[in-house]
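Residues per chain, in single letters:
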Amino acid sequence: MEFRLRVFAEVAQNLSFSKASKSLHLSQPAVSKHIREIENKYGIKLFDRQGNKIALTPAGGDFLTYTHKILALYDAMEDHFLSLQKKLPKHLKLGASTTIAQYIFPKSLAEIKLRFPETTFTLINDNSATIEKKIENNALSFALIEGSNHNPLLQYEKFLDDELVLVSNAKKSVTSIKLNNLPTLPLVLREEGSGTRNILEKQLKTAGIDKNQLQIEMVLGSTESIKSYLYYGNSYAFVSIFSVLEELKSNKLQIIDIEDFEIKRPLYFVSKQGYQSSFLKLLKKFFQRDYNHKL
């Protein structure tokens, strides 16, 4: 029920099922199903639907008041009992693929550090292939990576879904293209072995575009360098939506929609097969709670 309440609160905040589905990383039918189940349970109507717009009903407004109180109490309870968990090791080495290390990891890691100030954290970031190799060789015990899960020596647990979007500097007047026009664009790509590049090439191949058809203008080793390059040139690049949120708000970059084409990629917790640890379970709880994601 707690997750359903979070779904309702997100829809009520955005007054949009589609925006809530994107924020929660759920399909729109799944969001609608959660709302419908609440309405059926309590015999009320939460939203008035008027074309493409929705509004809270009086009953929906009352339900939102109770929802905020319940979720605040739930979060307080979770904070209290998380603080009673056993201490983490004095030194903890974690791994993350580059995009996650830069744009997703810091928020949760800062919260974990506040909760466990005696623990010293070392974050190793590299492309997904290298991080997986470090876990396989026992140089790391735990990591968050993007891309496909294929190493039989490792175990993977889904964290959330990311989306790769095509971006360019905000000066361009074109905001959408057809997929068959993609090979005509000058592209900046990540290096071989990065999760971003692997999933991009795989999805394009599925859509009938071979990587050899692409006009690769530049290969750069980080998303930050790619973004900086785009500011001053006429190129395009596929990057994680999490990596460009600030640039989109400040109009430094823009998303170029590709008609009837999108690239979703799962992000995973990864460790060696059979590896179990109570503190790893605790760390997962922090990440899962920060992104309100039900696994």
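Residues numbered from 1 in each chain as written. Predicted model: local features only at pLDDT ≥ 70, side-chain atom pairs only at ≥ 80, totals over all residues. Heavy atoms only, no water.

K.L.:
I'd like a description of the pattern of salt bridges, backed by residues and values.
P.N.:
Applying the stated criterion to the full structure yields 16 salt bridges. Salt-bridge contacts for E37 lead to R4; the nearest nitrogen and oxygen are separated by 2.6 Å. In this pair, E37 is assigned in helix 3 (residues 28–42) and R4 in helix 1 (residues 2–14), connecting sequence segments 33 residues apart. If you follow the salt bridges from partner to partner, you end up with R4, K33 and E37 in one network. (Salt bridge = Lys/Arg side-chain N within 4 Å of Asp/Glu carboxyl O. Helix = DSSP H or I, 4+ residues; strand = E, 2+ residues; numbered from the N terminus.)

K.L.:
How would you sum up the environment of L15? Please name residues and give values.
P.N.:
Here L15 lies in the loop between helix 1 and helix 2 (17–24). Judged by relative accessible area, which is 38%, L15 ranks as partly exposed. With 41 residues separating them along the chain, L15 and L56 place their C-alpha atoms 7.9 Å apart. Other than its neighbours up to four places away in sequence, L15 contacts F47, I54, A55 and L56. (Buried < 20%, exposed > 50% of the residue type's maximum accessible area, 1.4 Å probe, protein only. Contact = heavy atoms within 4.5 Å.)

K.L.:
Report on the packing of aromatic side chains, specifying residues and quantitative values.
P.N.:
Ring pairs (aromatic) are described by centroid distance and by the angle formed between their planes. Applying the stated criterion across every chain, the model contains eight aromatic pairs. An angle of 65° between the planes, with centres 5.9 Å apart, marks the rings of F17 and F47 as edge-to-face. Within this pair, whereas F17 is found in helix 2, its partner F47 is found in strand 1 (residues 47–50), the two being separated by 30 residues in sequence. F17 gets classed as buried once you look at its relative accessible area, which sits at 10%. A relative accessible area of 0% means that F47 is categorised as buried. A network of ring pairs unites the aromatic residues F8, F17, Y42, F47 and F63 as a single cluster. Across the ring face of Y42, the terminal group of K41 is positioned such that the distance to the ring centre comes to 5.7 Å. Sitting above the plane of the Y66 ring, K69 keeps its charged end 5.8 Å from the centroid. (Phe/Tyr/Trp six-rings, centres within 6.5 Å; stacked < 30°, edge-to-face > 60°. Lys NZ or Arg CZ within 6 Å of the ring centre and 35° of its normal.)

K.L.:
Tell me about helix 9 (residues 223–232), and please be specific about residues and values.
P.N.:
Listing the buried residues of helix 9 in full gives T223, I226, K227 and L230. Seen along its axis, helix 9 keeps its buried residues to an arc of 100°; they face one direction. (Arc of directions from axis to C-beta.)

K.L.:
Give me the nonpolar core: which residues, what numbers.
P.N.:
If you look at the biggest cluster of nonpolar residues, it comprises 26 residues, and the most contacted ones within it are L88, L94, F105, I112, F159 and L283. Put simply, the parts of the chain that give this core at least two residues each are strand 3 (91–97), helix 5 (98–103), helix 6 (105–115), strand 6 (154–169), strand 13 (263–272) and helix 11 (278–290). Ranked by residue count, the leading element in this core is helix 11, at six residues. Non-local contacts of I112, meaning those with residues more than four positions away in its chain, are made with L88, F121, L283, F286 and F287. (Core = buried A, V, L, I, M, F, W, Y, C linked by side-chain atoms within 4.5 Å.)

K.L.:
Which residues make up the environment of T120, and what are the values?
P.N.:
When you line up the elements, T120 lands in strand 4 (residues 120–126). Taking the relative accessible area as the measure of exposure, T120 reaches 41% and is therefore partly exposed. Ignoring any residue separated from it by four or fewer positions in sequence, one finds T120 in contact with K90, H91, L92 and K113.

K.L.:
A description of the environment of A237 should follow, citing residues and the corresponding values.
P.N.:
Take A237: it is sitting in strand 10 (residues 236–240). For A237, a relative accessible area of 0% gives the class buried. When the C-alpha positions of A237 and M218 are compared, they lie 9.8 Å apart, and in sequence the two are 19 residues distant. Excluding its chain neighbours within four sequence positions, the residues that come into contact with A237 are V165, L166, V167, V188, I226 and L230.

K.L.:
I'd like a rundown of unusual backbone geometry, residues and numbers included.
P.N.:
You will see that N251, though not glycine, has its phi angle at about 60°, which is positive. Mapped onto the secondary structure, N251 falls in the loop between helix 10 (245–249) and strand 11 (253–255). The exposure class assigned to N251 is exposed, which follows from its relative accessible area of 60%. Positive phi is not limited to glycine here, since D260 has a value of about 55°.

K.L.:
So what's going on with helix 3? Residues and values would help.
P.N.:
The first and last C-alpha atoms of helix 3 sit 22 Å apart over 15 residues, in line with the 21 Å expected at 1.5 Å per residue. What helix 3 keeps buried is the set V31, H34, I35, I38 and E39. When helix 3 is viewed along its axis, its buried side chains cluster within an angular range of 135° and face the same direction. Summarising the geometry of helix 3, the exposed residues directed more than 90 degrees from the buried face are P29, N40 and K41. Count one or two residues on from helix 3 and you reach G43, which has phi positive near 65°. (Expected span 1.5 Å × (residues − 1).)

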